[in-house]
Amino acid sequence: MKYDLIISIVVYKKYDDAIETIRSIEEHTGSGLAKRIYIVDNSCSVDDNADRTEFEREVRCYKDTVYVNTKQNLGFGKGHNYTIDKLDSEYFAIVNPDILITDDTFENIISFMNDKSVGMAIPKIIDSEGDLQDAYRRTLTVFDMFLRMFTKNVFKKRRNYHSMRDMDYSHPFEVPFGQGSFLVIRTDLWKKLKGFDDRFFMYLEDADLCRRVNENSKLMYCPNATVIHKWEKESHKNKALFKIHTQSMIKYFNKWGWKFF
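Just so it is clear, the structure is predicted and the values come from calculations on it, not from any experiment.

Draft legend 1. Representation of the environment of Leu-241 within the structure. With respect to the helices, strands and loops of the structure, Leu-241 is situated in helix 9 (residues 239-256). Leu-241 sits 39 residues away from Met-202 along the chain, and the two C-alpha atoms are 8.7 Å apart.

This is the structure:
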């Protein structure tokens, strides 16, 4: 069977959040959209445990979900790439396990992508208070990454420019870098690009993907689709994750060139 949409959700231990995400998708996605949801579990659960077993049981209650236990932590990009050879759909969605949808977001985005010039789309991403998140950025520079990772409340004008705060979010526009918490891409383009560059274990694999999409097509902001992202910015709190973030930044600039400003 060829699906309209295949959704990929990579999970790492936070099963309660992932179940909320899956429920919201199942509740708000219209039955006219033929979909399949792959749940890729990176939680390293070789043996059964109560939390994983209960999560798998609930996931399997939905007829269109497929649970995959990788039995290792593949990382974000490689986790989403795990199903690439199994995809038979028009569109592929990358969805974080801390996303909630409250309307038929996928139908709205797919309608938006009837414009064949759009290779990938990103919706309006808000927090639980309804405020727009910094999910859209201009092309990365070393200076902008330094500001985000090491400073607060300085160079506000530059930060707002980099985060595309000057754009009109009631209209579509091209996005150089869209956050990988929720992206919908044409499956043939996803396969052509061979998914994420899995040399990035975590962080900036989305920036790299967006850059390659924009070399082949366009990443566009879709104003008539909205999702809620419970963004915790964990790399700002966890030293190990901060180290991974820094390593990914070095890999990114080694690949694309060290543009400082």
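There's more to say after this.
Draft legend 2. Layout of unusual backbone geometry. One non-glycine residue with positive phi stands out, namely Lys-13, at about 75 degrees. Within the chain, Met-164 stands out as a residue other than glycine whose phi angle is a positive 60 degrees. Summarising the element assignment, Met-164 is placed in the loop between helix 6 (156-162) and strand 8 (173-174). The class for Met-164 is buried, based on a relative accessible area of 3%.

Draft legend 3. How the structure looks around the packing of helix 5 (residues 142-150) against helix 9. Here helix 5 crosses helix 9 at 175 degrees, and the two axes come no closer than 12 Å. Taken together, helix 5 and helix 9 sit at an angle that is classed as roughly antiparallel. Residues Val-142, Met-145, Met-149 and Phe-150 of helix 5 pack against Phe-242, His-245, Thr-246, Met-249 and Phe-253 of helix 9. Taken together, the residues of the contact of helix 5 with helix 9 break down into seven nonpolar, two polar and no charged.

Draft legend 4. Structural detail: the side chain of His-229. With respect to the helices and strands, the residue His-229 is situated in strand 11 (residues 219-229). Discounting chain neighbours no more than four positions away, the residues touching His-229 are Asn-96, Asp-98, Ile-99, Ile-125, Ile-126, Asp-127, Gln-133, Gln-179 and Ser-181.

Conventions used here
Residues numbered from 1 in each chain as written. Predicted model: local features only at pLDDT ≥ 70, side-chain atom pairs only at ≥ 80, totals over all residues. Heavy atoms only, no water. Helix = DSSP H or I, 4+ residues; strand = E, 2+ residues; numbered from the N terminus. Buried < 20%, exposed > 50% of the residue type's maximum accessible area, 1.4 Å probe, protein only. Axes fitted to C-alpha atoms, helices over the stretch in contact; angles between N-to-C directions. Parallel < 35°, antiparallel > 145°, perpendicular 65-115°, else oblique. Contact = heavy atoms within 4.5 Å. Nonpolar A, V, L, I, M, F, W, Y, C, P; charged D, E, K, R; others polar.

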